[in-house]
Amino acid sequence: MTINNVMVIGAGQMGAGIAQVFARAGVDVKLNDLKQEALDKGLAGIEKRLARAVEKGRMTSEEQDTAFHHLSGTTNIEDAADCDLVIEAVVENMEVKTKVFQQLDGITPEHTILASNTSSLPITEIAAATKRPSQVIGMHFMNPVPVMKLVEIIRAIQTSAETFEAIKDMTNRLEKTPVEVNDFPGFVSNRILMPMINEAIYTVYEGVASPEDVDTVMKLGMNHPMGPLALADFIGLDTCLYIMEVLYDGFGDSKYRPCPLLRKYVKAGWLGKKSGRGFYTYE
């Protein structure tokens, strides 16, 4: 299957980043959001990042112009009617996601592949909400999308081999590295990363060490580029909590129990970098 036209649903940080890499690869892509304000912000972010890449010599002004030529914005989901692939990058909520997929199921042509950028929710359940479960798949990009090379390709139990191969080929076209993952809670990345972050939070909760010292141990002792608590702030503590809850509910294993301190911070509105305060304070 040849993928020529793509839509990304959701113009937030992840959605805009995904749209950017498609446009940069010369694929016609529409960035969609319900709100014009969010769409404008997403498109402005792409423009700013591409301009910065030109300034730093990572791309030419001609390549920048070509990327813009392949990028457009829309607030009308009906514009997915001519797309070969639609990638959903909306809020991490199963009810919201399944509603989007059901809408797309009725709008897009029969051949269209529907993908989700979910970081933890079951693709099998999302696929079951459509009339084309064999053409539903997970494409979990890493943040920040334009920089990070990995894409987890998650196969639902219903996903066909043809769908998987088409998405694997497209991922290579984006100059990303595809990794095949079966549909389990948290997939690979978050099943490993989030319990580590959760355990780091427990060490603070239990008074073992300060956030700064925990991060220093992991950076200098384990050669991590960023400490787990700084990374949690960057991801968003509400997102970390949500993924831990998905793991805990999905496996029913106490080792995935979210740390009480994580719950307390989220209840306080201390969500990390985006709120100005988490384990660290941000201006």
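The written sequence of each chain sets the order in which its residues are numbered from 1. Two thresholds apply to this predicted model, a pLDDT of at least 70 for residue-level local features and 80 or more for giving and counting side-chain atom pairs, whereas whole-chain, interface and lining totals are computed over all residues. The side-chain figures draw on all heavy atoms in the structure; neither hydrogens nor water molecules are used.

Draft legend 1. Layout of the UniProt feature "domain: 3-hydroxyacyl-CoA dehydrogenase C-terminal" (unreviewed entry) in the chain. UniProt positions are given in the numbering used here, feature names are shortened, and annotations may be inferred rather than shown by experiment. UniProt marks residues 186-282 with the feature "domain: 3-hydroxyacyl-CoA dehydrogenase C-terminal" (unreviewed entry), using the numbering shown here. Secondary structure follows DSSP: runs of H or I at least 4 residues long count as helices, runs of E at least 2 residues long count as strands, and numbering of each begins at the N terminus. Structurally, residues 186-282 comprises 62% helix and 0% strand, and the distance from its first C-alpha atom to its last is 28 Å.

Draft legend 2. Inspection of a positive patch on the surface at higher detail. The patches reported here contain residues having more than 30% relative accessible area and no salt bridge. Joining distances are 9 Å for like charges and 5 Å for nonpolar side chains (Val, Leu, Ile, Met, Phe, Trp, Tyr). What sets the accessible areas is the Shrake-Rupley method with a 1.4 Å probe; for residues, cover comes only from the shown protein chains. For salt bridges, the criterion is a side-chain nitrogen of Lys or Arg within 4 Å of an Asp or Glu carboxyl oxygen. Residues scored as charged are limited to Lys and Arg (positive) and Asp and Glu (negative), so that His and the chain ends carry no count. Lysine's charge is taken at NZ, arginine's at CZ, aspartate's at CG and glutamate's at CD. Among the surface-exposed residues, K48, R52, K56 and R58 lie close enough to one another that they form a single positively charged patch. Three exposure classes are used, based on accessible area relative to the maximum for each residue type with a 1.4 Å probe and protein chains only: buried under 20%, partly exposed in between, and exposed over 50%. Since its relative accessible area comes to 56%, R58 is described here as exposed.

Draft legend 3. Expanded view of the packing of aromatic side chains. Pairing of aromatic rings covers Phe, Tyr and Trp, the last counted by its six-membered ring, and requires centre-to-centre distances within 6.5 Å; plane angles under 30 degrees mean stacked, over 60 mean edge-to-face, and any other angle means tilted. Considering all chains together, one arrives at four aromatic pairs under this definition. Put simply, the rings of Y265, W270 and F279 touch in pairs and so form one group of aromatic residues. The criterion for a charge sitting over a ring is simple: Lys NZ or Arg CZ within 6 Å of the ring centre, and within 35 degrees of the ring normal. The ring of F164 has R155 lying over it, and the distance from NZ or CZ to the ring centre is 4.7 Å. R277 extends its terminal NZ or CZ atom over the ring of W270, reaching a point 3.6 Å from the ring centre.

Draft legend 4. Broad picture of the pattern of salt bridges. As enumerated under the stated definition, the model contains eight salt bridges in all. Here E63 ties to R24 by a salt bridge, and the two come within 3.7 Å at their closest N and O atoms. Taken as a pair, E63 in helix α3 (residues 61-69) and R24 in helix α1 (residues 13-24) lie far apart in primary sequence, 39 residues in all. A salt bridge links E180 to R155, with the nearest nitrogen and oxygen atoms 3.1 Å apart. Separated by 25 residues along the polypeptide, E180 in strand β8 (residues 177-182) and R155 in strand β7 (residues 150-155) bring together distant segments of the chain. Taking relative accessible area as the criterion, E180 reaches 46% and is therefore assigned partly exposed. Here the salt bridges do not stand alone but share partners, grouping E88, E92 and K97 into one network.

Draft legend 5. Up close: the nonpolar core. Of all hydrophobic cores here, the largest spans 36 residues; its most connected members are F22, L85 and F141. The leading source of residues in this core is α1, at six residues. Contact definition: two residues touch when any of their heavy atoms are within 4.5 Å. Non-local contacts of L85, meaning those with residues more than four positions away in its chain, are made with I3, N5, V6, M7, F22, T112, I113, A115 and I167. Note on terminology: a nonpolar core comprises buried Ala, Val, Leu, Ile, Met, Phe, Trp, Tyr and Cys residues joined through side-chain atoms within 4.5 Å.

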